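An overview of the molecular structure
Here's the letter readout for the chains.
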Amino acid sequence: MPNLSRMSNLELLAKEIIACERCPRLRAYCAEVGRIRVRRYRDQEYWARPVPGFGDPAARLLILGLAPGAHGANRTGRMFTGDDSGRWLYGALFDAGFANQPQAVSRDDGLQLTDAYVSNVVRCAPPDNKPTAAEIAACLPHLEAELGLLPNVRVVLALGRIAFDTYVRLRRAQGHDLGRPAFRHGAEYHFPGLPVLLCSYHPSRQNTNTGVLTPVMWRTIFARARELVDASP
Ligand code: SF4
């Protein structure tokens, strides 16, 4: 499928996602966060809607996170944009040659990804960063549709156990026999007929402020993602 057509299909999917109202608890929470705001962003209008995926339609690397940050992507309207997790993610993507700049502060900051696409398990910020099982299940068709429109993906980088479990569940539901893979930082799985699944801790403050995920560990993951992508057909 030519890039142009893939892009317009991804754009159509993005519109569908932005209009999604399947999870009343999450929709109410995002709207409430956008109404109240925090002091440092008081003068900004929050996006406060579901956040679609972002990146290169021809991507070979798909990064799968958990959910938009309440004052990050829920404010800016672009995945991993405007918070600490995004600083970690786009800094690493820049260093590994997947992004034209390390900064991600707003939808019009000029950030472009090459050969990488960023998505989340759920597209609406959940209270305490904890979507329910029903909300994850409700959002799964969006991820499946996105994957279907990203046919060049050769490596999936799952950020955190929930992203890992959700991706594995989706592939099993599609009929793939994956055995019994387990989430572990740095683990990688080469399933027949599927992209390589690479695992990392999520760059949440809870992990980066406590040393669970260090800059060296993070850089090593992206160096490996780069190697896997470059070695892929
Ligand atoms: S989390 Fe996903 S399924 Fe639920 S309302 Fe948001 S976009 Fe829709």
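Since the structure is predicted, the reported quantities are computational estimates derived from the model, not experimental observations.

1. Focus on the overall build of the protein
For the protein, the helix and strand inventory stands at eight helices and six strands. For the protein, the succession of helices and strands along the chain, N to C, is α-α-β-β-α-α-β-α-β-α-β-β-α-α. The C-alpha radius of gyration of the protein comes to 17 Å, within 12% of the 17 Å expected for a compact globule of 233 residues. Along the longest, intermediate and shortest principal axes, the C-alpha atoms of the protein span 50 × 35 × 35 Å. Evaluated residue by residue, the protein yields a buried proportion of 54% over its 233 residues. Of all intrachain contacts in the protein linking residues separated by at least 6 positions in sequence, the fraction that spans at least 24 positions is 68%. For the protein, the exposed surface amounts to about 11000 Å²; the carbon and sulfur share of it is 53%. Taking the 29 positively charged and 22 negatively charged side chains of the protein as two groups, their mean positions are separated by 4 Å.

2. What to know about the sheet that holds strand 6 (residues 196-200)
Strand order across the open sheet formed by six strands is 1-3-2-4-6-5, with mixed pairing between neighbours. Edge strands, defined here as strands with exactly one partner in the open sheet, are strand 1 (54-55) and strand 5 (188-189). Pairing between strand 2 (residues 61-65) and strand 3 (residues 116-120): five bridges, direction parallel. In the strand pairing of strand 3, leucine 61 is matched with alanine 116.

3. Describing the nonpolar core
Counting 33 residues, the largest nonpolar core has Leu62, Phe164 and Leu197 as the members making the most contacts within it. Within the residue set of this core, elements represented by two or more residues are helix 1 (3-18), strand 2, helix 5 (133-148), strand 4 (155-159), helix 6 (161-173) and strand 6. Filtering out sequence-adjacent residues up to four positions away, leucine 197 remains in contact with Val156, Ala158, Phe164, Tyr167, Val168, Ala187, Glu188, Tyr189 and Phe191. Counting residues in each nonpolar core, the second largest holds 32 residues, with Trp47, Val51, Phe80 and Leu89 among its members.

4. Looking at the UniProt feature "domain: Uracil-DNA glycosylase-like" (unreviewed entry) in the protein
Per the UniProt record, "domain: Uracil-DNA glycosylase-like" (unreviewed entry) is annotated on residues 52-222. Between the first and last C-alpha atoms of residues 52-222 the distance is 23 Å; the span itself is 33% helix and 14% strand.

Analysis parameters
Residue indices begin from 1 for each chain and proceed along its sequence in written order. Where local features are concerned, this predicted model is filtered to residues with pLDDT of at least 70; where side-chain atom pairs are given and counted, the filter is 80 or more; whole-chain, interface and lining totals use all residues. Side-chain numbers here rest on the full set of heavy atoms in the structure, without hydrogens or water. To qualify as a helix, a DSSP run of H or I must reach at least 4 residues; to qualify as a strand, a run of E must reach at least 2; elements of each kind are numbered from the N terminus. Here the globule rule reads 2.2 Å times residues to the power 0.38, and the radius of gyration is calculated from C-alpha atoms. Buried, partly exposed and exposed residues are distinguished by accessible area as a fraction of the type maximum, computed with a 1.4 Å probe on protein chains only: under 20%, between the cut-offs, and over 50%, respectively. A contact between two residues is defined here by any heavy atoms of the two lying within 4.5 Å. Accessibility throughout is a Shrake-Rupley quantity obtained with a 1.4 Å probe, and a residue counts as covered only by protein chains that appear here. We count Lys and Arg on the positive side and Asp and Glu on the negative side, and we leave His and both chain ends out. Charged groups are reduced to one reference atom each: NZ for lysine, CZ for arginine, CG for aspartic acid, CD for glutamic acid. Strands were regarded as paired on the criterion that DSSP finds at least two bridges between them. As used here, the term nonpolar core means buried Ala, Val, Leu, Ile, Met, Phe, Trp, Tyr and Cys residues forming a set that is joined through side-chain atoms within 4.5 Å. UniProt positions are given in the numbering used here, feature names are shortened, and annotations may be inferred rather than shown by experiment.

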